[in-house]
Amino acid sequence: EYGRGGVYTPTSGQVWKGDSQPVTVGDIGVQTLLVRGVQWLARRPVNAEVPANFPTAKTTSIGPPLD
């Protein structure tokens, strides 16, 4: 039904065929927001944990890329 949809716009960059994954894919903040955004879009409880090393205004946190 029109008007009941959700929009989530992740701005983590793009990967094209033959490219390696951009550094932003390894960012803990990007990974966390992606999972939580998908939960929200699916109209499920947004219950994915926010990790203790979630980046702040003064810190960054790079982890392994998503599989």
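Residues numbered from 1 in each chain as written. Predicted model: local features only at pLDDT ≥ 70, side-chain atom pairs only at ≥ 80, totals over all residues. Heavy atoms only, no water.

## A word on the overall build of the chain
When its secondary structure is counted, the chain shows one helix and zero strands. The buried share of the chain, reckoned over its 67 residues, is 21%. A sequence separation of at least 24 residues applies to 57% of the contacts in the chain between residues at least 6 apart. (Helix = DSSP H or I, 4+ residues; strand = E, 2+ residues; numbered from the N terminus. Buried < 20%, exposed > 50% of the residue type's maximum accessible area, 1.4 Å probe, protein only. Contact = heavy atoms within 4.5 Å.)

## Looking at a nonpolar patch on the surface
On the surface, Trp40, Leu41 and Val46 cluster together into a nonpolar patch covering about 270 Å² of accessible area. Examined against the element boundaries, Trp40 turns out to sit in helix 1 (residues 28-41). On the accessibility criterion, Trp40 (46% relative accessible area) is partly exposed. (Patch = residues over 30% accessible without salt bridge, like charges linked within 9 Å, V, L, I, M, F, W, Y side chains within 5 Å. Areas by Shrake-Rupley, 256 points an atom, 1.4 Å probe, with all protein chains shown as cover. Salt bridge = Lys/Arg side-chain N within 4 Å of Asp/Glu carboxyl O.)

## Here's the deal with the environment of Gly29
Mapped onto the elements of the fold, Gly29 is located in helix 1. Note: C-alpha distance between Gly29 and Val50 (21 residues apart in sequence) is 8.6 Å.

## Notes on unusual backbone geometry
Backbone geometry at Arg43 places phi at a positive 55°, although glycine is not the residue there. Residue classification places Arg43 among the exposed positions, given a relative accessible area of 55%.

## Digging into the side chain of Gln39
One can find Gln39 in helix 1. For Gln39, the residues in contact, after removing those within four places along its chain, are Arg44, Pro45, Val46, Asn47 and Ala48.

## Description of helix 1
Counting along an α-helix, one turn takes 3.6 residues, and residues three or four places apart therefore face a common direction. The end-to-end C-alpha distance of helix 1, which contains 14 residues, comes to 20 Å, matching closely the 20 Å that a straight helix rising 1.5 Å per residue would cover. Taken together, the buried positions of helix 1 are Ile28, Gly29, Gln31, Thr32, Gly37 and Gln39. The N-cap residue of helix 1 is Asp27: its side-chain oxygen and the backbone nitrogen of Gly29 are 2.7 Å apart. Directly after helix 1, the chain includes Arg43, whose backbone phi takes a positive value near 55°. (Expected span 1.5 Å × (residues − 1). Polar contact = N/O pair within 3.5 Å; in protein donor to acceptor, adjacent residues only side chain to side chain.)

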